[in-house]
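# Understanding the architecture of this molecule
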Amino acid sequence: MNQPVVQILSAHDVHPVLVDVGASWKPPDIWADIKALSQYVGFDPDLREIHEDRLSGFHRKVMINKAVTCDPAATNVKFHLTASPFCSSTLLPNPPALAPYIYAEEYVIEREAIAEAVTLQAALDQLALPRLDWLKLDTQGTDLQIFRSLEERTQAGVLALDIEPGMTEAYANEDMFGEAHAWLINNGFWLSDLKPCGTIRIRPATWKRVQGSRGQFAIDCLFATFKKTPCWCEARYFRTLDWLKDHEAKKVDYLMLWSFALLDGQIGFALDVAVEFDRVFGSDKTARFLWDEALRLLERRRI
């Protein structure tokens, strides 16, 4: 499916800038097919789950061992390192909201550290990046705050945005999905994908009692038996075509938005982008390629 994406980006010498804030574990899988063409910038102050081997293959890559803050005056922040590295945050866990869930113990603070901090805008300026095309934010509670801290010119250039907002307020004063979704929809994005994520609503003490009365159940038995409850979600947003029109977007913006749409399986939207490209820039070879390749993928899915 993604061969046309690589072909069009290569033909126009386009190198998408992919920024990964909260880069524990590995870059998003959806970036794999364009990594050889892309510039990757990762941020994470907690290196316990950073695997350098998973960062190989990018056209250019930079890993920044700093916390991202919204405060331009802050040179460091207090980082709460939890039992699970994936739950560490600059925000404090919210025990009353976490208490009913089996994963509450993963949010127990093991220690606190002062992490060197930088605003996302300052870091991007320092790296002299030409643009920010696809931004993934997984900051454990501050995704919308971080995005809104960017200067307006940088915000306007973001074509794709991945966030992981909460649904249960696991952290004090965290950005919730409803708030983030409403703001993004009102500011030129549309929701392309939504994956509810969660865990089991059972108090850890209750689970221990079950184990005591019915024998020792393995933890995988717990997840195989009980229904999961949505606690956060993975949401992907793309820019609308109206946004591109209103901001007098360039050819490269349409090419990347078309490419990102196909990477996410949004063939219908890719066809819309192709139509708009043809309308704005004329029926040249590139316009025909965008239309024909998206249509070919659609026909292939019918087989």
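Structure first, text after, so check above.
Below is a summary of the structure that appears in this document. (Residues numbered from 1 in each chain as written. Predicted model: local features only at pLDDT ≥ 70, side-chain atom pairs only at ≥ 80, totals over all residues. Heavy atoms only, no water.)

This brings us to the pairing of strand β7 (residues 134-137). Both faces of β7 are covered, namely the face carrying W134 and K136 and the face carrying L135 and L137. Two strands pair when backbone bridges link them, and strand β1 (residues 17-21) and β7 are joined in this way by four bridges, in the parallel orientation. Within β7, the residue paired with V21 across the bridge is L137. As paired strands, β7 and strand β8 (residues 160-163) are joined by four bridges and run parallel to one another. Considered in β8, the bridge of L135 is made with L161. (Buried < 20%, exposed > 50% of the residue type's maximum accessible area, 1.4 Å probe, protein only. Helix = DSSP H or I, 4+ residues; strand = E, 2+ residues; numbered from the N terminus. Pairing = 2+ DSSP bridges.)

Another aspect to go through is the sheet that holds strand β5 (residues 76-82). Ordered by their spatial adjacency, three strands build an open sheet running β4-β6-β5, and the pairing between neighbours is mixed. One side of each edge strand has no neighbouring strand; the edge strands of this open sheet are β4 (67-69) and β5. Each strand of the sheet is rotated relative to its neighbour by a mean of 50°, with strand direction disregarded. Where β4 meets strand β6 (residues 109-119), three bridges bridge the pair, whose relative direction is parallel. Within β6, the position partnered with V68 by the bridge is V118. Contacts from helix α3 (residues 120-127) reach β4 and β6 within the one sheet, and its direction differs from that of β6 by about 50°. (Axes fitted to C-alpha atoms, helices over the stretch in contact; angles between N-to-C directions. Contact = heavy atoms within 4.5 Å.)

Our focus in this paragraph is the state of the cysteines. Applying the stated criterion across every chain yields a total of zero disulfides. A disulfide-free cysteine, C87 has its sulfur positioned 11 Å from the sulfur of C231, the nearest such atom. C197 provides the cysteine sulfur closest to C233, a residue in no disulfide bond, and the two sulfurs are 7.3 Å apart. When its relative accessible area of 0% is taken as the criterion, C233 is described as buried. (Disulfide = S-S within 2.5 Å.)

Our focus in this paragraph is the packing of aromatic side chains. Describing an aromatic ring pair means giving the distance of the ring centres and the angle of the ring planes. Enumeration over the complete set of coordinates arrives at 18 aromatic pairs. Judged by centre distance (4.8 Å) and plane angle (65°), the ring pair of W190 and F269 falls under edge-to-face. Pair noted here: W190 is in strand β9 (residues 189-200) and F269 is in helix α11 (residues 267-281), with a separation of 79 residues, a long-range link. Here the aromatic rings of Y254 and F277 are separated by 6.4 Å at their centres, their planes lie at 75°, and the arrangement is edge-to-face. Residue Y254 is found in helix α10 (residues 251-263), and its partner F277 is found in helix α11; the two are separated by 23 residues along the sequence. In this structure, R239 is placed above the aromatic ring of W243, and the distance from its NZ or CZ to the ring centre is 3.9 Å. (Phe/Tyr/Trp six-rings, centres within 6.5 Å; stacked < 30°, edge-to-face > 60°. Lys NZ or Arg CZ within 6 Å of the ring centre and 35° of its normal.)

A few words now on the side chain of T168. Turning to its location among the elements, T168 is positioned in the loop between β8 and α6 (177-185). Assessed through its relative accessible area of 17%, T168 is described here as buried. Excluding anything up to four places from it in sequence, T168 contacts A97, Y101, Y103, E174, M176, P230 and C231.

This part covers the nonpolar core. Most often, soluble globular proteins have nonpolar side chains that are buried together. Counting residues in each nonpolar core, the largest one holds 41 residues, and the members touching the most others are L9, W134, L257, W258, F260 and L290. Contributions of two or more residues to this core are made by α1 (3-11), α9 (241-246), α10, α11 and α12 (285-302). Those residues within four positions of L290 in sequence are excluded, and the remaining contacts are I8, L255, W258, A274 and F277. In terms of nonpolar packing, the next biggest core, distinct from the first, is built from 30 residues, V41, L124, I146 and I163 among them. (Core = buried A, V, L, I, M, F, W, Y, C linked by side-chain atoms within 4.5 Å.)

Let us look at the pairing of strand β10 (residues 228-239). Across four bridges, the pairing between β8 and β10 is antiparallel. Opposite D162, over in β10, you have R236 as the bridge partner. As paired strands, β9 and β10 are joined by 11 bridges and run antiparallel to one another. Looking across to β10, one finds that I200 is bridged to K228.

Attention shifts here to the pattern of salt bridges. Summed over the entire model, instances satisfying the criterion amount to 15 salt bridges. A salt bridge links D20 to K136; the shortest N-O distance between them is 2.7 Å. Of the two residues, D20 is situated in strand β1 and K136 in strand β7; the sequence distance between them amounts to 116 residues. A single burial state applies to D20 and to K136, both of which are buried. For D264, the salt bridge identified is with R236, shortest N-O distance 2.7 Å. Of the two residues, D264 sits in the loop between α10 and α11 while R236 sits in strand β10, which places them 28 residues apart along the sequence. No difference in accessibility class separates D264 from R236, as the two residues are buried. (Salt bridge = Lys/Arg side-chain N within 4 Å of Asp/Glu carboxyl O.)

So, on to the environment of K208. Here K208 is to be found in helix α7 (residues 204-214). Each C-alpha atom of the pair K208 and S283 lies 66 Å from the other, and the pair is 75 residues apart in sequence.

In short, shape yes, function no, at least from these values alone.
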